[in-house]
Amino acid sequence: MLETLDAAAIRRWCAGALEALRRHQGEIDDLNVYPVPDGDTGTNLVLTMTAAHRAIVDADQQPEGEPSEGDGAEETSPHERVLRVMARGALLSARGNSGVIVAQILKALADALAGVDQVRGRELAGALRAATEAAYAAVASPVEGTMLTVVNAAATAAEQLDSDDLSAVARAAAAAAAEALARTPHQLPALARAGVVDAGGRGLCLLLDALVETISGEPAGAREASPAVSVGVARDAEARPPVPLYGYEVQFLLDAAPSAVEQVRATLSRLGDSLVIAGVGEGDPPTWRVHVHVDDVGAALEAAVEAGRPHRISVTRLADQPTGGGACGFPTRATVVVAPGAGLARVFAAEGATVVRGNPSIRELLDAIRSTGARQVVVLPNDPDTQMVARAATREAASLGVQVRVIPTRSPVQALAALAVRDAARSFEDDVIAMAEAAGACRYGEICYASRAALTIAGPCHPGSVLALVEGEVYVVGTGLLETACELLDRMLGGGGELVTLLTGAEAPPTLADALRAHLVDRWPFVEVQVYDGGQPYYPLLVGVE
């Protein structure tokens, strides 16, 4: 049993927490407030903690005395160093609200324990209180019955014990967190209707249980994992900056030594312009992100091969992209959009946006923002769980001198509405306001299949039921896809509307779009209809009404 939490214990805690999250990943993903098979809280937590663990491993492999990413200038203790590296790794790869909150908790722990010689019970209790305050501050509108409640309960129990006994304090915090988690359905009606506890809170309990096991050497009594379910995998970011001064935009990751990268920099500077080479800060040799505009693609790639191992190579003909003003071929203003499907990525790219695919991390969004070269960037997250990631990326971008505004779009149809009103002749702030107003005026609906039996506000559903949601709430529980989609359209248009946007998903039958268009022509003949092949998963249909 440990009396103090040292650097070696923190390394074991990180590895143990990651192992626990992986073991319970499917269970946490399945804790959805609605029976829709797109829950990814467990996946987001696993990806976030995987990055934290990898950051520690990479830092440990660096030569002694060489600074690593996340090292602080005022670092005074080994445990602080490990915590800072862990927190930095988690932050840059955090996915979803739960991942960002955990990253903020880890950073607060590192800040609170900075300069502390020995981390015993009272120090841990104080750090948990600091972590609670940081977690609440990270959320724009804190809601009880979430992981915020769970971490607050843990901190309160640790403080009330008022002991230097590290193991006793950790056990008290973990036990209180578990009790708070059990109460979450009584605090959030959506959890009560679905008969589940908060997913993020469940993940946080696993982290605290892993801490108890690290300190005491005994299990904390965590529940066994439920049978695994399918989980989503985040895709790599895509960046498509506009502005053709040269013929092609070339982007790739390059594993190479710093000295070799300097030679690449010199060669690419001669071949083209808009050159950006940024160290990702991981790997041995390090990985670098390279962006350049050139006419001779072959020469650019040859320079990369001579320096090291290029991968994730992307070549785009700039003549196919919209033009925009800016020094050195970069625009002064740009838009970054998150696209959940291949079709949506094509639609957004055609609108001149830089596209990030899938469930992006803070690092991936930051890379996309940086790759535009613009000094003013608008980010459209298109999902409630990506909004906090976008805000965190915004804070990181500010340190690079980039002004970023996040418009809290919750659906891709709102992003299309926002993109349609962009006007470079307006000031940046006025343009952001106009885009936000257009997005807010677009009501959005979704069609999906229930993955399990549950009680919704529209009544009970069963596995395979067709669900029609408006603004995230279930309005219709049906049996047929077309019939339910028509009822959704009628309900949404009953409140008014002139333009309907239909985004068909990867699982949509090929006849769905034409059938819905025919229904609208018959029932709502004065409504304009736009149809796109979105290719999004889980949702055969997304609807926007303006």
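Structural data are supplied above this passage.
Residues numbered from 1 in each chain as written. Predicted model: local features only at pLDDT ≥ 70, side-chain atom pairs only at ≥ 80, totals over all residues. Heavy atoms only, no water.

Caption draft 1: Structural detail: the overall build of the protein chain. Looking only at helices and strands, the protein chain has 19 helices and 16 strands in total. In the protein chain, buried positions account for 55% of the 546 residues. For the protein chain, restricting intrachain contacts to residue pairs at least 6 apart in sequence, the fraction spanning at least 24 positions comes to 72%. Approximately 22,300 Å² of the protein chain is accessible, and the part contributed by carbon and sulfur atoms is 52%. (Helix = DSSP H or I, 4+ residues; strand = E, 2+ residues; numbered from the N terminus. Buried < 20%, exposed > 50% of the residue type's maximum accessible area, 1.4 Å probe, protein only. Contact = heavy atoms within 4.5 Å. Areas by Shrake-Rupley, 256 points an atom, 1.4 Å probe, with all protein chains shown as cover.)

Caption draft 2: Molecular detail of the pattern of salt bridges. Under the definition given, this model contains 22 salt bridges. In this structure, the salt-bridge partner of arginine 54 is aspartate 58, at a minimum N-O distance of 3.8 Å. Residue arginine 54 and its partner aspartate 58 are located together in helix α3 (residues 41-61), separated by four residues, close to a single helical turn. Assessed through its relative accessible area of 43%, arginine 54 is described here as partly exposed. Measuring nitrogen to oxygen at the nearest pair gives 3.4 Å for the salt bridge that ties arginine 333 to aspartate 431. Separated by 98 residues along the polypeptide, arginine 333 in strand β5 (residues 333-339) and aspartate 431 in helix α17 (residues 428-440) bring together distant segments of the chain. (Salt bridge = Lys/Arg side-chain N within 4 Å of Asp/Glu carboxyl O.)

Caption draft 3: Local environment of the environment of leucine 31. Summarising the element assignment, leucine 31 is placed in the loop between α2 (25-29) and α3. According to the relative accessible area criterion, leucine 31 is buried, its value standing at 17%. The spatial distance from the C-alpha of leucine 31 to the C-alpha of glycine 195 is 9.0 Å, given a sequence separation of 164 residues. Apart from residues lying up to four places away in sequence, leucine 31 is in contact with Val196, Val197, Asp198, Ala199 and Arg202.

Caption draft 4: Geometry of the packing of helix α11 (residues 258-271) against helix α12 (residues 297-307). In contact at an axis separation of 9 Å, α11 and α12 are set at 170° when each is read in the N-to-C sense. Classified by the angle between their axes, α11 and α12 sit roughly antiparallel to one another. Across the interface between the two elements, Ala260, Val264, Thr267, Leu268 and Leu271 of α11 pack against Ala299, Ala300, Ala303 and Ala307 of α12. (Axes fitted to C-alpha atoms, helices over the stretch in contact; angles between N-to-C directions. Parallel < 35°, antiparallel > 145°, perpendicular 65-115°, else oblique.)

Caption draft 5: Examining the pairing of strand β12 (residues 466-470) more closely. Burial within β12 is extensive, with five of its five residues counted as buried. The side-chain alternation of β12 yields two buried faces, one formed by Val466, Ala468 and Val470 and the other by Leu467 and Leu469. In this structure, strand β9 (residues 443-449) lies alongside β12, joined through five bridges in antiparallel fashion. Among the inter-strand pairings, tyrosine 449 is bridged to a residue of β12, identified as valine 466. Pairing analysis gives five bridges linking β12 to strand β13 (residues 473-478), with the strands arranged antiparallel. What sits directly across from valine 466, in β13, is glycine 478. Connecting β12 to the next strand, β13, in antiparallel fashion are two residues, including glutamate 471 with a positive phi near 55°. (Pairing = 2+ DSSP bridges.)

Caption draft 6: Seen up close, a negative patch on the surface. Together, Asp295, Asp296, Glu302 and Glu306 line one region of the surface with negative charge. Mapped onto the fold, glutamate 302 is located in helix α12. Judged by its relative accessible area of 51%, glutamate 302 is exposed. (Patch = residues over 30% accessible without salt bridge, like charges linked within 9 Å, V, L, I, M, F, W, Y side chains within 5 Å. Lys, Arg positive; Asp, Glu negative; His and termini not counted. Charge placed at Lys NZ, Arg CZ, Asp CG, Glu CD.)

Caption draft 7: Structural view of the nonpolar core. Within the largest apolar cluster, 98 residues are counted, with the highest numbers of intra-cluster contacts made by Trp13, Met49, Met86, Leu106 and Ile369. Looking at this core element by element, the count peaks at ten residues for helix α10 (residues 199-216). Ignoring any residue separated from it by four or fewer positions in sequence, one finds methionine 86 in contact with Ile10, Trp13, Cys14, Met49, Ala52, Ile56 and Leu106. (Core = buried A, V, L, I, M, F, W, Y, C linked by side-chain atoms within 4.5 Å.)

Caption draft 8: Here's a closer look at the sheet that holds strand β14 (residues 499-504). Spatial strand order, β13-β12-β9-β16-β14-β15: six strands in an open sheet with mixed pairing. What marks the edges here is a single partner per strand, and that holds for β13 and β15 (528-533). Adjacent strand axes in the sheet meet at a mean angle of 20°, parallel and antiparallel pairs treated alike. With respect to the sheet, helix α16 (residues 412-420) is in contact with β9, β14, β15 and β16 (541-545), its orientation differing from that of β14 by roughly 130°.

Caption draft 9: Main features of helix α6 (residues 121-138). Compared with an ideal rise of 1.5 Å per residue, which puts 18 residues at 26 Å, α6 spans 26 Å between its outermost C-alpha atoms and is within 8% of the ideal. Listed in full, the buried residues belonging to α6 are Gly121, Leu124, Ala125, Ala127, Leu128, Arg129, Ala131, Thr132, Ala134, Ala135, Tyr136 and Ala138. In this fold, the buried residues of α6 make contact with α5 (96-112), α7 (147-161), α8 (166-187), α10 and α15 (384-398). (Expected span 1.5 Å × (residues − 1).)

Caption draft 10: Region of the structure containing a nonpolar patch on the surface. A contiguous nonpolar surface patch, about 240 Å² in accessible area, is contributed by Tyr248, Ile313 and Val315. Relative to the assigned elements, valine 315 resides in strand β4 (residues 309-317).

Caption draft 11: Local environment of the environment of glutamate 144. Mapped onto the secondary structure, glutamate 144 falls in the loop between α6 and α7. Owing to a relative accessible area of 36%, glutamate 144 belongs among the partly exposed residues under this scheme. Residues contacting glutamate 144, with those up to four places away along its chain left out, are Tyr136, Thr149, Gln187 and Leu188. In terms of polar contacts, glutamate 144 uses its side chain to reach the side chain of threonine 149, at 2.5 Å. (Polar contact = N/O pair within 3.5 Å; in protein donor to acceptor, adjacent residues only side chain to side chain.)

Caption draft 12: Here's a closer look at α15. Here α15 is 15 residues long and its end C-alpha atoms lie 22 Å apart, about the 21 Å a rise of 1.5 Å per residue gives. When you tally the buried positions in α15, you get eleven out of 15 residues, the bulk of the element. Those residues of α15 not exposed but buried are Asp385, Thr386, Gln387, Met388, Val389, Ala390, Ala392, Ala393, Thr394, Glu396 and Ala397.

Caption draft 13: Representation of the side chain of glutamate 396 within the structure. The topology assignment puts glutamate 396 in helix α15. The exposure class assigned to glutamate 396 is buried, which follows from its relative accessible area of 15%.

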